[in-house]
2 protein chains.
Amino acid sequence: MDRITSRTNPRIQRARSLRESKYRKETGCHFIEGDKLVREALTSGTQLETVFVREGYAGEASFPCETVLVTDGVMDALSTAGTPQSLCAVARTPALKMPDAFAGMVLLLENVQDPGNVGTLIRTADALGAGAVILSPQCADPFSPKTLRASMGSVYHLPVWVSDIPAALRALNEQGYTCLCGHLKGSETLPPKTDKMALLVGNEGNGVTDEAAALCYAYRLPMPGRAESLNAAVFGSIMLYELMRK
Amino acid sequence: MDRITSRTNPRIQRARSLRESKYRKETGCHFIEGDKLVREALTSGTQLETVFVREGYAGEASFPCETVLVTDGVMDALSTAGTPQSLCAVARTPALKMPDAFAGMVLLLENVQDPGNVGTLIRTADALGAGAVILSPQCADPFSPKTLRASMGSVYHLPVWVSDIPAALRALNEQGYTCLCGHLKGSETLPPKTDKMALLVGNEGNGVTDEAAALCYAYRLPMPGRAESLNAAVFGSIMLYELMRK
């Protein structure tokens, strides 16, 4: 196994460059931090390019790809999180093509810009059994370090597609889906639940666009208290729960 | 109106020191950033000590307390958020004594350490009409800049008490409350809903302590998907929604 002792090693520099969206796009790769996330990516069939193993790591360190040992200093230079990690990896970003037919509950995110919100919503969609997540191109990158961390690996569990949201809503509507969005002027009554429900969550400050709202059932979650709104990830999670519950 | 042009002005230094928990405790004050939060604090009766107004601010800038003009550079030095603000303030932290009798839905947080989670949960509790929030002393400070930001001012809308959690749960149980917590080994059936429901949310990594869990109905939220758990703020928000919904 190769051993890297310098932060200026080209493979370390390349891995670090993947913190930036620009390089993730250019290379079609992303950077994964931490034992749990690396193993989630692996078991879900994500193609790893290089795994970086901290010297002295006691866990299983045999991977079906290039694997290199790195010193503590180099591993710390790789990390973006505060907590020191034992494993990191460079992985090929899955390039998922949106299918012609959808199945199960679908979550759509339109211009959700906080990586924590995007990651948390992917995590909730995964936990509550949604079939897929569709992101508008303006959403936070699901493969940025922050989003990956918030998703806790769920981004590897269910298909995450990037698409124009009105186009996706039109396709869902044509297939008999009930598309729902949160809207201040919406109805406080939910539409009948079917096994084809889709939920659209909009931007943190501005909500959903008019174009997208026009393709959805507008719902206003009753809020008897004083806060005017909910955090976007909380709103989306409550709605996913409401749509999946018996 | 006084005008401050230097970042080393003692009033600016004092305001900046309130970023640290230690100084918030010592002084009984906290720092509020942004027009919306300052006005929320004011209308809720929070006592402001000093309001800092950016030079050229076009809004209403008459406050029932010391008000000083600051230059752009000084305001930027005061800000902890990325976005530039027009108003900031130093406020007395409400010292709320837990009452002998509770009313409405109660949210308890035990060792929830992420300021974003604490703030988001206070915001959800407020939106969904909870009566109060009780935090263990080990929770993230509800008056830290990050928590305040995530709470969107909700910390000024409902009482937020700090208390030993088992003691609070015992008091709630004695008053006929049904105290519920999330637990991996809990039942997947909810207890009957009454108008006296309390929800306990535990630490992000470790969940609720055994001592607290023993005082609660242990509930396991059904999760048909692959993610093993939910974000703490999401779990708490879904449960608050479930408990308040008709």
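Structure first, text after, so check above.
Predicted model, so just to flag it, every value in this text is computed and none were measured.

Caption draft 1: Representation of the overall build of chain A. Helix and strand counts for chain A stand at nine helices and eleven strands. Here chain A has a C-alpha radius of gyration of 20 Å; the compact-globule value for 246 residues is 18 Å, and the two agree. If you line up chain A on its principal axes, its C-alpha atoms span 60 × 40 × 35 Å. Taking all 246 residues of chain A together, 52% fall into the buried category. Summarising the internal contacts of chain A: among those between residues at least 6 apart in sequence, 75% fall at separations of at least 24. Surface accessibility of chain A: about 10600 Å² in total, with carbon and sulfur atoms responsible for 50%. Across chain A, the centroid of the 25 positively charged side chains sits 2 Å from that of the 26 negatively charged ones.

Caption draft 2: Representation of the sheet that holds strand 11 (residues 217-219) of chain A within the structure. All names here are of chain A. With respect to topology, six strands assemble into an open sheet ordered 8-7-6-10-9-11, the strand pairing being parallel. Each end of this open sheet is capped by a strand with a single partner; those strands are strand 8 (160-162) and strand 11. Going across the sheet, the axis of each strand differs from the next one's by a mean of 30°, ignoring polarity. This element, helix 5 (residues 115-127), spans strand 6 (106-109), strand 7 (132-135), strand 8 and strand 10 (197-201) of the sheet and lies at about 175° to strand 6.

Caption draft 3: Molecular detail of unusual backbone geometry. Backbone geometry places A:Met152, a non-glycine residue, at a positive phi of 55°. Position of A:Met152 among the secondary structure elements: in the loop between helix 6 (145-151) and strand 8. The phi torsion at B:Asn111 lies on the positive side, around 55°, for a residue other than glycine. If you trace the backbone, B:Asn111 turns up in the loop between strand 6 (106-109) and helix 5 (115-127).

Caption draft 4: Expanded view of the interface of chain B and chain A. Facing the 31 residues of chain B at the interface are 31 residues of chain A. Across the interface of chain B and chain A, roughly 2600 Å² is buried in total on both sides, 60% from carbon and sulfur atoms. Considering only the side of chain B, the residues that lose the most area to chain A are B:Arg123, B:Arg226 and B:Tyr241, jointly responsible for 24% of the buried surface there. Where chain B packs against chain A, one counts zero salt bridges. Secondary structure elements with two or more residues in the side of chain B that touches chain A: helix 3 (35-43), helix 5 and helix 9 (232-244) of chain B. Considering each element in turn, the side of chain B that touches chain A owes the most residues, seven residues, to helix 9 of chain B. Partitioned by chemical class, the residues of the side of chain B that touches chain A number 14 nonpolar, nine polar and eight charged.

Caption draft 5: The side chain of B:Thr124, seen in detail. Within the secondary structure, B:Thr124 sits in helix 5. Setting aside chain neighbours within four positions, we find B:Thr124 in contact with A:Leu230, A:Val234, B:Ser237 and B:Leu240.

Caption draft 6: The arrangement of the relation of the copies chain B and chain A in detail. Superposing chain B onto chain A requires a rotation of 180° together with a translation of 0.0 Å along the rotation axis, leaving an RMSD of 0.0 Å. Taken together, these values place the two copies in the relation of a two-fold axis. When you check the interface residues of chain B against chain A, 100% turn up at the interface there too, and the contact is symmetric in its surfaces.

Caption draft 7: Here's a closer look at the nonpolar core. Ranked by size, the top nonpolar core spans 103 residues in total, and within it A:Leu109 and B:Leu109 carry the most contacts. Formed by 20 residues, the second largest nonpolar core is a distinct cluster that contains B:Ala132, B:Ile134, B:Leu200 and B:Ala213.

Caption draft 8: Broad picture of the pattern of salt bridges. Residue and element names in this part refer to chain A. By the definition in use, this model includes 28 salt bridges over all chains. The salt bridge partner of Arg220 is Glu188, with a shortest N-O separation of 3.4 Å. Taken together, the positions of Arg220 in the loop between strand 11 and helix 9 (232-244) and Glu188 in the loop between strand 9 (178-187) and strand 10 put the pair 32 residues apart, joining distant regions of the chain. By relative accessible area, which is 28% here, Arg220 ends up partly exposed.

Caption draft 9: Layout of the sheet that holds strand 2 (residues 29-33) of chain B. Residue and element names in this part refer to chain B. If you trace the five strands from one edge of the open sheet to the other, you get 1-4-3-5-2, paired in mixed fashion. Two strands close off the open sheet at either side, each with one partner strand: strand 1 (2-4) and strand 2. Neighbour-to-neighbour, the strand axes of the sheet open up by a mean angle of 25°, direction not taken into account. Two elements, strand 3 (residues 48-54) and strand 4 (residues 66-70), share five bridges in a ladder whose sense is parallel. Of the residues in strand 4, the one forming a bridge with Arg54 is Val70. Along the sheet, helix 1 (residues 10-17) makes contact with strand 1, strand 2, strand 3, strand 4 and strand 5 (87-92), crossing strand 3 at roughly 110°. Its contacts with the sheet put helix 3 on strand 2, strand 3 and strand 5, and the angle it makes with strand 5 is roughly 35°.

How each quantity is defined
- Residues numbered from 1 in each chain as written.
- Chains lettered and ligands numbered in written order.
- Predicted model: local features only at pLDDT ≥ 70, side-chain atom pairs only at ≥ 80, totals over all residues.
- Heavy atoms only, no water.
- Helix = DSSP H or I, 4+ residues; strand = E, 2+ residues; numbered from the N terminus.
- Rg over C-alpha atoms; globule rule 2.2 N^0.38 Å.
- Buried < 20%, exposed > 50% of the residue type's maximum accessible area, 1.4 Å probe, protein only.
- Contact = heavy atoms within 4.5 Å.
- Areas by Shrake-Rupley, 256 points an atom, 1.4 Å probe, with all protein chains shown as cover.
- Lys, Arg positive; Asp, Glu negative; His and termini not counted.
- Charge placed at Lys NZ, Arg CZ, Asp CG, Glu CD.
- Pairing = 2+ DSSP bridges.
- Axes fitted to C-alpha atoms, helices over the stretch in contact; angles between N-to-C directions.
- Buried area = accessible area lost by both parts, 1.4 Å probe.
- Salt bridge = Lys/Arg side-chain N within 4 Å of Asp/Glu carboxyl O.
- Nonpolar A, V, L, I, M, F, W, Y, C, P; charged D, E, K, R; others polar.
- Least-squares fit on C-alpha atoms with pLDDT ≥ 70 in both.
- Core = buried A, V, L, I, M, F, W, Y, C linked by side-chain atoms within 4.5 Å.

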